[in-house]
Amino acid sequence: MGFARTCSVALVGVEGVVVEVQADLEPGVAAFTLVGLPDKSLSESRDRVRAAVVNSGAEWPQKKLTVGLSPASVPKSGSGFDLAVAAAVLGAAERIDPRAIADLVLIGELGLDGRVRPVRGILPAVLAAADAGYRQVVVPEQTAGEAALVPGVSVLGVRSLRQLIAVLTDEPVPEEEPTEAGRPDAMLAGLLVPGAGIGTGLAPDPKDPAGGPDLADVAGQHRARRALEVAAAGSHHLLLSGPPGAGKTMLAERLPGILPPLTRQESLEVTAVHSVAGILPPGEPLVRRAPYCAPHHSATMQSLVGGGNGLPRPGAVSLAHRGILFLDEAPEFSGKALDALRQPLESGHVVIARAAGVVRLPARFLLALAANPCPCGRHTLQGAGCECPAALVRRYQARLSGPLLDRVDLRVEVEPVTRADLLGQGGRGETSAAVAARVREARARTAARLADTPWSVNSEIPGHELRTRYLAAPGALAAAERDIERGLLTARGLDRVLRVAWTVADLAGHDRPDSQDIALALELRTGVTRGVPVGAGERA
């Protein structure tokens, strides 16, 4: 009887679980049994592994073969176990030394000719292996750069099963024929989900080094531009409301260009999610820019928060993790889909319960909403001929529920662009680079103040800390207290005003918010004009 074991990784959401792959050979009728809660794609690995082993020049054992995936209680899906199953079978057949693969983690799909094909989710899989104490992993050659992002792990990238056998048996490593120049590499097909890549609003274009469209292209809209700067500096959620053609979408599309680059830890988090979702561009193993996700208003609740057959997969809120989720024509989204955003907006993650299990997915994003005042969009324009009945306008505006809007820090009315601004008579606005520089300085002040805390931006600070530890200047909260007494602010609303005020103070270089900072925060929160001059870089 022959026995061998090695390891692979099963992905549950965006987290990995190390799975021990065991192979047992016994005398009897030749058969291949795979146990351990595999799904359909994993059950098909029996035929892929058999053909790959034979076409790699190794002999297939003509005995009763049982391959077990342990722990058996964890659901296993995908084709990433092929390489580990083949190695365990060859170890049990003594083609390779079983001791050489006992402490290896192998991840990859096998083609029928023995080539190793890349799979999605390499980064979270290697992270899970490193957390479990494994220090040697074998992955497809195309994803070796992604696996190498994990520190303290030795990565071996292989192109075929023949190469892996040669490495493990100290034989000369055969050379595999490279892909002809100018031809697409079919091996990369497993890394990308069709329709979820560049150009769909789910992933930034890595060929655009300028960071996207420039804020200087926006004519006028000085107060809305100021709101964008505050939103980027403190990661505050933003609602842009106004008639069609005022520039709401144009403003939101320029928000990623003023966000600071991701930190190393944030880049790893975003890359892990995008790798699992299949939107990680080939040749770009690490996402360094904040993602921008803009789903269509026909998106379902499952596509926003996550879902799918079996264990849930990341939705738009997770694809926008550490970046921006932009909902254009927000009232056109279904009420269920919008209300499903409440939990991730408050907690920074989403918990999805399905019959196959419960998955916790990261979802700390900056929400940007754009909305028209009524179905025709002309309700706020004088003499524009809006014929929407008052009841219809109320129903339309009520699609953005009160609890959802209460979690939005900044609410800005985007006015129609004047002729002078549109023709450039008011002068060209600031560029994204100039605004981004101020945002980085404000983030640096925030980081210095929150250095010994678990928070990194002002929007994450709990309300209790704002009222007891991070105090505003004496008498600065007088206007906010009056709004609470009038019912214009809730308790959550006061906390969010304080967070915005700290961001405004950081942008202005103040040690703590004064009455002007509080007044601007109240104006951005309630939409009621307070007579506050527009901040740095803008004009009143």
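Quantities reported herein were computed from a predicted structural model and do not represent experimental measurements.

Enquirer: Please give an account of the overall build of the protein chain that cites residues and values.
Expert: Along the protein chain, the regular secondary structure elements total 22 helices and 16 strands. Within the protein chain, the fraction of its 540 residues that count as buried is 51%. If you take every contact in the protein chain between residues at least 6 apart in sequence, the share linking residues at least 24 apart comes to 72%. When the accessible area of the protein chain is evaluated, it comes to approximately 23,700 Å², of which 52% is carbon and sulfur surface.

Enquirer: Tell me about the packing of aromatic side chains, residues and numbers included.
Expert: Tallied over the full model, the rule gives three aromatic pairs. With centroids separated by 6.4 Å and ring planes inclined at 20°, the aromatic side chains of Y292 and F326 adopt a geometry described as stacked. Here Y292 is found in strand β11 (residues 292–293), whereas its partner F326 is found in strand β12 (residues 324–327), with 34 residues between them in sequence. You can call Y292 buried: its relative accessible area is 17%. According to the relative accessible area criterion, F326 is buried, its value standing at 3%. Arranged with centres 6.2 Å apart and planes meeting at 85°, the rings of Y470 and W502 form a pair that is edge-to-face.

Enquirer: So what's going on with the pairing of strand β15 (residues 366–371)? Residues and values would help.
Expert: Across the six residues of β15, six count as buried, placing the element largely inside the fold. With burial as the criterion, each face of β15 is covered, one bearing L366, A368 and A370 and the other bearing L367, L369 and A371. In this sheet, β15 lies alongside β12 in parallel orientation, the contact comprising four bridges. Counterpart to L325 in the pairing with β15 is L367.

Enquirer: Mind laying out the sheet that holds strand β10 (residues 238–241), listing which residues take part and the relevant values?
Expert: Two orientations exist for strands paired in a sheet by backbone hydrogen bonds: parallel and antiparallel. Strand order in the open sheet made by the five strands is β11-β12-β15-β10-β16, with parallel pairing throughout. Both outer strands of the open sheet, β11 and β16 (410–413), are each paired with one neighbouring strand and no more. The strands that helix α8 (residues 222–234) touches are β10, β15 and β16; relative to β16, the one it contacts most, it runs at about 165°.

Enquirer: Lay out the packing of α8 against helix α21 (residues 491–508) with the relevant residues and their values.
Expert: Axis separation between α8 and α21 bottoms out at 9 Å; the angle between their running directions is 100°. Between α8 and α21, the angle falls in the class roughly perpendicular. Facing α8, whose interface residues are R226, E229, V230, A233 and G234, α21 presents V500, T503, V504 and L507. When grouped by side-chain class, the residues that make up the contact of α8 with α21 number five nonpolar, two polar and two charged.

Enquirer: Please give an account of the side chain of H237 that cites residues and values.
Expert: Relative to the helices and strands, H237 is located in the loop between α8 and β10. By relative accessible area, H237 is classed as buried at 7%.

Enquirer: So what about the nonpolar core? Which residues, and what values?
Expert: Most often, soluble globular proteins have nonpolar side chains that are buried together. Membership of the largest hydrophobic core comes to 78 residues, with the highest contact counts inside it found for V67, L83, L161, L325, L327 and L341. Examining the composition of this core, we find that nine residues originate from one element, helix α3 (residues 82–92), more than from any other. Among all residues touching L325, those that are not within four sequence positions of it are C293, P295, A316, V317, A320, L341, F365, L366, L367 and A368. Formed by 58 residues, the second largest nonpolar core is a distinct cluster that contains A246, A368, V439 and L450.

Enquirer: Which residues make up the state of the cysteines, and what values do they have?
Expert: Every disulfide links exactly two cysteines, by a covalent bond between their sulfur atoms. In total, this model carries zero disulfides according to the counting rule given. Free of any disulfide, C376 has its nearest neighbouring cysteine sulfur in C374, separated by 3.5 Å. A relative accessible area of 25% means that C376 is categorised as partly exposed. The thiol sulfur of C386 is not disulfide-bonded, and the nearest other cysteine sulfur, from C376, lies at 3.6 Å. Taking relative accessible area as the criterion, C386 reaches 26% and is therefore assigned partly exposed.

Enquirer: How would you summarise the pattern of salt bridges if you had to cite specific residues and measurements?
Expert: For the structure shown, the criterion picks out 27 salt bridges. A salt bridge links E229 to R438; the shortest N-O distance between them is 2.8 Å. In this pair, E229 is assigned in helix α8 and R438 in helix α18 (residues 432–449), connecting sequence segments 209 residues apart. R438 shares its class with E229; the two are buried. Ionic pairing is found between E346 and R496, a salt bridge with its closest N-O pair at 3.4 Å. Of this pair, E346 sits in helix α14 (residues 342–347) while R496 is found in helix α21, placing the two residues 150 residues apart along the sequence. What makes E346 partly exposed here is its relative accessible area of 43%. R496 gets classed as buried once you look at its relative accessible area, which sits at 4%. It is possible to trace a salt-bridge network through shared partners that takes in E346, D406, R407, D409, R492, R496 and R525.

Each value, and the rule that gives it
Residues numbered from 1 in each chain as written. Predicted model: local features only at pLDDT ≥ 70, side-chain atom pairs only at ≥ 80, totals over all residues. Heavy atoms only, no water. Helix = DSSP H or I, 4+ residues; strand = E, 2+ residues; numbered from the N terminus. Buried < 20%, exposed > 50% of the residue type's maximum accessible area, 1.4 Å probe, protein only. Contact = heavy atoms within 4.5 Å. Areas by Shrake-Rupley, 256 points an atom, 1.4 Å probe, with all protein chains shown as cover. Phe/Tyr/Trp six-rings, centres within 6.5 Å; stacked < 30°, edge-to-face > 60°. Pairing = 2+ DSSP bridges. Axes fitted to C-alpha atoms, helices over the stretch in contact; angles between N-to-C directions. Parallel < 35°, antiparallel > 145°, perpendicular 65-115°, else oblique. Nonpolar A, V, L, I, M, F, W, Y, C, P; charged D, E, K, R; others polar. Core = buried A, V, L, I, M, F, W, Y, C linked by side-chain atoms within 4.5 Å. Disulfide = S-S within 2.5 Å. Salt bridge = Lys/Arg side-chain N within 4 Å of Asp/Glu carboxyl O.

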